[in-house]
Amino acid sequence: MDTMKGIILAGGSGTRLYPLTRATSKQMLPVYDKPMIYYPLSVLMLAEIREVLVISTPRDIGAFESLFGDGSWLGMQFSYAVQDEPRGLADAFIVGRDFIGNDAVALVLGDNIFYGQNFSETLKNAVRRVGTDGGAVIFGYYVKDPTAYGVVESDADGNVLGIEEKPAHPKSNYAVPGLYFYDNDVVRIAREVKPSARGEIEITAVNNAYLAKSALAVELLGRGMAWLDTGTYDGLQEAGDFVKTIQKRQGFYVSCIEEIAYRNGWISKDALSALAKQYKTDYGAYLQFIAEHF
């Protein structure tokens, strides 16, 4: 199987969160005890993706480079690219084409937070499915009112029947979160997609191109999964409260990238202890706890 690479799209101007985002990237804002971008990064890491490209704005890209460096401290490889103006989600595959090369690729949006049981298995299944059968895998998450989202309709075998963007009369209650797995064809497809009325290369158009050749599968995320929105003040606060509650109650951290790197076997126990010593906080104490007990 080809390797799969990962892209985190952390662009946008975050105007819905002004003045919080006037001088800093939305994806750098805290969600309880971590920068927001740790959460989508952890998704790629749980899928065992080690090569990651972060795409951001000219203003913000340097902050992500300061945060992650070359990624070697996580046993990973990080690259960086600039999207000088928002041209749609699928533009990530055009900006990132040299990074993708001949490999498959996963795209996760920098403000999406997922948490739930067996999520790692769901992710690895998606990687396997694309690696074995090609095509694309998207996800469906049950929401009460799907009119604000891309909505996916599927059959019993997980084959997609249709996707609609913000439909007035949705054909299902399954919204499509910002997480997508594609074979290498996505680079060509993104190049050939015609921009939408608002001048953007829409991810829905890419997904519809896969659908047109019967190569689009959907994995429905069950009731035990949380998918959190961080695009508003309330959403940001609620996501932080959710993470805090889980961590205090259970003792295990949500989306702790150093822990995931260690459990994946990408860094050693000694390396994890060394990272723990850099933090004079509860976060550092947690890393030390993991190093000593697991």
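Here, every reference points to the structure presented above.
Definitions and limits used
- Residues numbered from 1 in each chain as written.
- Predicted model: local features only at pLDDT ≥ 70, side-chain atom pairs only at ≥ 80, totals over all residues.
- Heavy atoms only, no water.
- Helix = DSSP H or I, 4+ residues; strand = E, 2+ residues; numbered from the N terminus.
- Rg over C-alpha atoms; globule rule 2.2 N^0.38 Å.
- Buried < 20%, exposed > 50% of the residue type's maximum accessible area, 1.4 Å probe, protein only.
- Contact = heavy atoms within 4.5 Å.
- Areas by Shrake-Rupley, 256 points an atom, 1.4 Å probe, with all protein chains shown as cover.
- Salt bridge = Lys/Arg side-chain N within 4 Å of Asp/Glu carboxyl O.
- Arc of directions from axis to C-beta.
- Patch = residues over 30% accessible without salt bridge, like charges linked within 9 Å, V, L, I, M, F, W, Y side chains within 5 Å.
- Phe/Tyr/Trp six-rings, centres within 6.5 Å; stacked < 30°, edge-to-face > 60°.
- Lys NZ or Arg CZ within 6 Å of the ring centre and 35° of its normal.
- Axes fitted to C-alpha atoms, helices over the stretch in contact; angles between N-to-C directions.
- Parallel < 35°, antiparallel > 145°, perpendicular 65-115°, else oblique.
- Left-handed = near helix turned anticlockwise from the far one by under 90°.
- Polar contact = N/O pair within 3.5 Å; in protein donor to acceptor, adjacent residues only side chain to side chain.

Q: Explain the overall build of the protein chain here, please?
A: Summing up its helical and strand segments, the protein chain has 11 helices and 14 strands in all. What you see for the protein chain is a C-alpha radius of gyration of 19 Å, in line with the 19 Å of a compact globule of 294 residues. With the principal axes as the frame, the protein chain shows a C-alpha extent of 50 × 40 × 40 Å. A burial count over the protein chain gives 52% of its 294 residues as buried. Taking the intrachain contacts of the protein chain between residues at least 6 apart in sequence as the baseline, contacts between residues at least 24 apart amount to 74%. Looking at the protein chain as shown, the accessible area adds up to about 13800 Å², and 49% of this sits on carbon and sulfur atoms.

Q: For this particular structure, what's the right way to read the pattern of salt bridges?
A: Side chains bearing opposite charge may pair, as long as their charged atoms lie close to each other. All chains considered together, the criterion is met by 14 salt bridges. A salt bridge links E200 to R198; the nearest nitrogen and oxygen atoms lie 3.6 Å apart. On the accessibility criterion, E200 (17% relative accessible area) is buried. The structure contains a network of salt bridges with shared partners spanning D84, E85, R87 and D91.

Q: How should helix α2 (residues 61-68) be read in this particular structure?
A: An α-helical turn contains 3.6 residues, so a residue and the one three or four places further along point in the same direction. Taken together, the buried positions of α2 are occupied by I61, F64 and F68. All buried residues of α2 lie within an arc of 60° about the axis, which places them on one face of the element. Positive backbone phi, at 60°, marks G69, one or two positions downstream of α2.

Q: Explain a nonpolar patch on the surface here, please?
A: On the surface, a cluster of nonpolar side chains totalling about 250 Å² of accessible area is made up of F252, F289 and F294. Mapped onto the elements, F294 comes out in the segment after α11 (282-293).

Q: Would you mind going over unusual backbone geometry with me for this structure?
A: Leaving glycine out, the prevailing phi sign among residues is negative, and the prevailing peptide bond configuration is trans. The omega torsion across Y18 and P19 is 5°, close enough to zero to call that bond cis. Its location among the elements puts P19 in the loop between β1 (4-9) and β2 (30-31). Here Y32, not a glycine, exhibits a phi torsion of approximately 55°, which is positive. Assignment of secondary structure puts Y32 in the loop between β2 and β3 (34-35).

Q: I would appreciate a short explanation of the packing of aromatic side chains in the present structure.
A: Centre distance and the angle of the planes are the two values used to describe a pair of aromatic rings. The final tally for this structure, using the stated rule, is 17 aromatic pairs. Centroid distance F93 to Y182: 5.3 Å. Interplanar angle 85°. Geometry classified as edge-to-face. With F93 in helix α3 (residues 92-95) and Y182 in strand β12 (residues 179-182), this residue pair connects regions lying 89 residues apart in the sequence. As far as the burial class goes, F93 and Y182 line up, both buried. Aromatic rings pair up to connect F252, Y253, Y279, Y283, Y286, F289 and F294 into one cluster. Above the ring of F99, the side-chain terminus of K5 is found at 5.5 Å from the ring centroid. Over the face of the ring belonging to F294 we find R263, whose NZ or CZ atom lies 4.5 Å from the ring centre.

Q: Looking at this model, I keep getting lost on the environment of I138. Mind explaining?
A: Mapped onto the elements of the fold, I138 is located in strand β8 (residues 136-142). Considered as a pair, I138 and A106 are 32 residues apart in the sequence and their alpha carbons are 10.0 Å apart. Apart from the residues lying within four places of it in its own chain, the contact partners of I138 are V152, V160, I163, V176, L179, Y180, N207, L216, A217, V218 and E219.

Q: Please clarify how the packing of helix α10 (residues 269-277) against α11 should be interpreted in this entry.
A: Axis angle and axis distance: for two packed helices, these are the angle between their axes and the distance between the axes, and together they describe the pair. Two elements in contact, α10 and α11, have axes whose closest approach is 8 Å; the angle formed by their N-to-C orientations is 160°. Judged on the interaxial angle alone, α11 and α10 are roughly antiparallel. The chirality of how α10 crosses α11 is left-handed. Of the residues in α11, those in contact with K269, L272, S273, L275, A276 and K277 of α10 are G284, L287, Q288, I290 and A291.

Q: Any chance you could explain the side chain of T230 here in plain terms?
A: Here T230 is to be found in the loop between β14 (225-228) and α8 (233-250). Overall, T230 belongs to the buried group, its relative accessible area being 0%. In this structure the side chain of T230 is engaged in a polar contact, spanning 2.9 Å, whose partner is the backbone oxygen of D111. When sequence neighbours within four positions are dropped, the list of residues in contact with T230 reads L17, K26, M36, D111, I113, G235, L236 and A239.

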